[in-house]
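# Residue-level structure breakdown
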Amino acid sequence: MASTTRPAPTVGFDLDMTLIDSRPGIRACYLALTERTGTYVDADLAVTRLGPPLVEELAYWFPAEEIEAVADLYREMYPEYAVTATPALPGARESVAAVREAGGRALVVTAKYEPNAKLHLAHLGIEPDAVIGDLWAEQKAVALREHGADVYVGDHLGDVRGARAAGALAVAVASGPCGAGELRAAGADVVLADLTEFPGWLADYCGAGSAGVDAARA
């Protein structure tokens, strides 16, 4: 008889606007960067388009020859201005705990500079099994495949692309800059309003067997 349950899953999570609301901290860091460099950055605009790598945002405000140095400065300033100002999003802790309770492994795979990503998680008491930073969109597939991820959860179209490139189930949460319709159109297998819905979804996924996975992808 075929099993009606799945093996314990390995689940990857994005960080910004998936597990954490990084807008207040990033806004504060951009304001401080403006003061430090004398170059204006519209911090309120910048936090509406979180997801892609830092250098892509800096390119709107700084000449190409300055971006590398400014990125280094931003990352150096970041712990002081951004970490304590950033809360966990609703359902974040519970979602990571749900993976563990299912006997699985929880990863964080993010475009954020890895040391700063780890500072956020430590500050908030979220303890994944691994944290991999500095990867964006399809690049995330490298880490997801390396760790054998069955599922990847993110808020951005780039996260959907990364999941699909890795052959993982693409679970999208509409808690970031991309709406549910955009995420579905990009190829998300599942779209949730936010991570408060994830533990229930995971319980269904783990109990569904292969037929349930095929249904999720349909």
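Whatever comes next refers back to the structure up there.
Counting secondary structure elements, the chain contains 10 helices and six strands. For the chain, whose C-alpha radius of gyration is 18 Å, the value lies close to the compact-globule estimate of 17 Å for 218 residues. For the chain, the spread of C-alpha atoms along the principal axes amounts to about 70 × 35 × 30 Å. A buried classification covers 50% of the 218 residues belonging to the chain. Distance between charge centroids for the chain: 4 Å, based on 17 positive and 31 negative side chains.

This next bit is on the nonpolar core. One finds F13, L19, V153, F198, W201 and L202 to be the most contacted residues of the largest nonpolar core, which totals 30 residues. Counting residues per element, the ones that place at least two in this core are β1 (10–13), α5 (92–101), β2 (105–109), α6 (114–124), β4 (151–154), β5 (169–173), β6 (190–192) and α10 (198–217). Those residues in contact with L19 that lie beyond four places of it in its chain are F13, D14, A88, L89, A92, V96, V108, L121 and L195. The next biggest cluster of nonpolar side chains, apart from the first, holds 23 residues, and it includes Y30, A46, L58 and A82.

Attention now goes to the side chain of H120. One can find H120 in helix α6. Apart from the residues within four sequence positions on either side, H120 is in contact with I20, Y78, A82, V83, T86 and K112.

Here the focus is α6. Within the span of α6, buried status applies to N116, A117, H120, L121 and L124. For α6, the arc enclosing every buried residue in end-on projection is 140°, short of the 170-degree limit, so these residues lie on one face. If you follow the buried residues of α6, they end up packed against α4 (67–82), α5, β2 and β3 (130–132). One or two steps after α6, the chain reaches G125, where phi turns positive at roughly 70°.

To continue, consider the sheet that holds β2. With parallel pairing, the six strands of this open sheet are ordered in space as β3-β2-β1-β4-β5-β6. Looking at strand neighbours, the two that pair on one side only are β3 and β6, the edges of this open sheet. Shown here is a sheet whose adjacent strand axes are inclined to one another by a mean of 20°, direction ignored. Here β5 runs beside β6; their pairing, made up of three bridges, is parallel. When the sheet's bridge partners are listed, A172 is paired in β6 with V191.

Moving on to the packing of helix α1 (residues 23–37) against α4. Between α1 and α4, whose axes approach to 9 Å, the crossing angle comes to 125°. Judged by the angle between their axes, α1 and α4 are oblique. Like other packed secondary-structure pairs, α1 and α4 cross with a definite hand, here right-handed. Between α1 and α4, the residues in contact are G25, I26, A28, C29, Y30, A32, L33, R36 and T37 and V70, L73, Y74, M77, Y78, Y81 and A82, respectively. Its residues assigned to classes, the contact of α1 with α4 shows 13 nonpolar, two polar and one charged.

Our next topic: the packing of α4 against α6. At a minimum axis distance of 10 Å, the contact between α4 and α6 shows a crossing angle of 10°. Between α4 and α6, the crossing angle belongs to the class labelled roughly parallel. The interaxial crossing formed by α4 with α6 has right-handed handedness. Within the contact between the two elements, α4 uses R75, Y78, P79 and A82 and α6 uses N116, L119 and H120. Here the contact of α4 with α6 is built from residues that sort into four nonpolar, two polar and one charged.

Throughout the structure, instances matching the rule amount to 11 salt bridges. D14 is the partner of K140 in a salt bridge, and the nearest nitrogen-oxygen pair spans 3.0 Å. You can see K140 sitting in helix α7 (residues 140–146) and its partner D14 sitting in the loop between β1 and α1, a full 126 residues away along the chain. What makes K140 buried here is its relative accessible area of 1%. A salt bridge links R27 to D44; the nearest nitrogen and oxygen atoms lie 2.6 Å apart. Taken together, the residues R27 in helix α1 and D44 in helix α2 (residues 43–46) connect sequence positions 17 residues apart.

How each quantity is defined
- Residues numbered from 1 in each chain as written.
- Predicted model: local features only at pLDDT ≥ 70, side-chain atom pairs only at ≥ 80, totals over all residues.
- Heavy atoms only, no water.
- Helix = DSSP H or I, 4+ residues; strand = E, 2+ residues; numbered from the N terminus.
- Rg over C-alpha atoms; globule rule 2.2 N^0.38 Å.
- Buried < 20%, exposed > 50% of the residue type's maximum accessible area, 1.4 Å probe, protein only.
- Lys, Arg positive; Asp, Glu negative; His and termini not counted.
- Charge placed at Lys NZ, Arg CZ, Asp CG, Glu CD.
- Core = buried A, V, L, I, M, F, W, Y, C linked by side-chain atoms within 4.5 Å.
- Contact = heavy atoms within 4.5 Å.
- Arc of directions from axis to C-beta.
- Pairing = 2+ DSSP bridges.
- Axes fitted to C-alpha atoms, helices over the stretch in contact; angles between N-to-C directions.
- Parallel < 35°, antiparallel > 145°, perpendicular 65-115°, else oblique.
- Left-handed = near helix turned anticlockwise from the far one by under 90°.
- Nonpolar A, V, L, I, M, F, W, Y, C, P; charged D, E, K, R; others polar.
- Salt bridge = Lys/Arg side-chain N within 4 Å of Asp/Glu carboxyl O.

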